[in-house]
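# Remarks on the overall topology
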Amino acid sequence: MIKIDTHCHSAGSWCATCGLEGLIKEYKKANYGGVVITNHYSEYELKKHGFTKQRDYAKYYFELIDKAMDLGAKNGLKVFYGIEVKLNELSTEYVLYGF
């Protein structure tokens, strides 16, 4: 049986402090086989990271996940795409997998 966390945030989200390297290391140490990175994606996060255009923030987001996938592959941990989207500041957040 493979243990996978389906909802994990890295320091790319407002609610997390662990960088990608530390995150991969800790999941591997805890005998996980995989993790889905579901960082927050919202107007707040866009501004927090200094972006003004959605396109630029989306590129940053995908590059972050790609980096996590590379780190995971080097450490024997499968990393999957995920995202926690907030459509506007009044909306509920939605977690999406494998986009």
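If you're wondering where the values come from, they're calculated on a predicted model, not measured in any experiment. (Residues numbered from 1 in each chain as written. Predicted model: local features only at pLDDT ≥ 70, side-chain atom pairs only at ≥ 80, totals over all residues. Heavy atoms only, no water.)

This next bit is on the overall build of the protein chain. Counting its regular elements, the protein chain contains three helices and five strands. Reading the helices (α) and strands (β) of the protein chain from amino to carboxyl end gives β-α-β-β-α-α-β-β. Computed over the C-alpha atoms, the radius of gyration of the protein chain is 13 Å, within 12% of the 13 Å expected from 2.2 N^0.38 for a compact globule of 99 residues. Residue burial in the protein chain is summarised as follows: out of 99 residues, 37% are buried. Looking at the protein chain alone, contacts between residues at least 24 apart form 62% of all its contacts between residues at least 6 apart. For the protein chain, the exposed area adds up to about 6,100 Å²; of that, 57% sits on carbon and sulfur atoms. When the 13 basic and 12 acidic side-chain charges of the protein chain are each reduced to a single mean position, those positions are 5 Å apart. (Helix = DSSP H or I, 4+ residues; strand = E, 2+ residues; numbered from the N terminus. Rg over C-alpha atoms; globule rule 2.2 N^0.38 Å. Buried < 20%, exposed > 50% of the residue type's maximum accessible area, 1.4 Å probe, protein only. Contact = heavy atoms within 4.5 Å. Areas by Shrake-Rupley, 256 points an atom, 1.4 Å probe, with all protein chains shown as cover. Lys, Arg positive; Asp, Glu negative; His and termini not counted. Charge placed at Lys NZ, Arg CZ, Asp CG, Glu CD.)

An ideal rise of 1.5 Å per residue puts 30 Å on 21 residues; helix α3 (residues 54-74) measures up with 30 Å between its terminal C-alpha atoms. Along α3, the residues that are buried comprise Tyr-57, Tyr-61, Leu-64, Ile-65, Ala-68, Leu-71 and Gly-72. Down the axis, α3 shows its buried residues gathered within 120° of arc, on one side only. The exposed residues of α3 that point more than 90 degrees off its buried face are Arg-55, Lys-59, Ala-73 and Lys-74. (Expected span 1.5 Å × (residues − 1). Arc of directions from axis to C-beta.)

Another point: unusual backbone geometry. Backbone geometry follows two general trends: most residues other than glycine have a negative phi, and most peptide bonds adopt the trans configuration. The residue Asn-31 is not glycine, and still its phi comes out positive at about 65°. Its location among the elements puts Asn-31 in the loop between α1 (20-29) and β2 (34-37).

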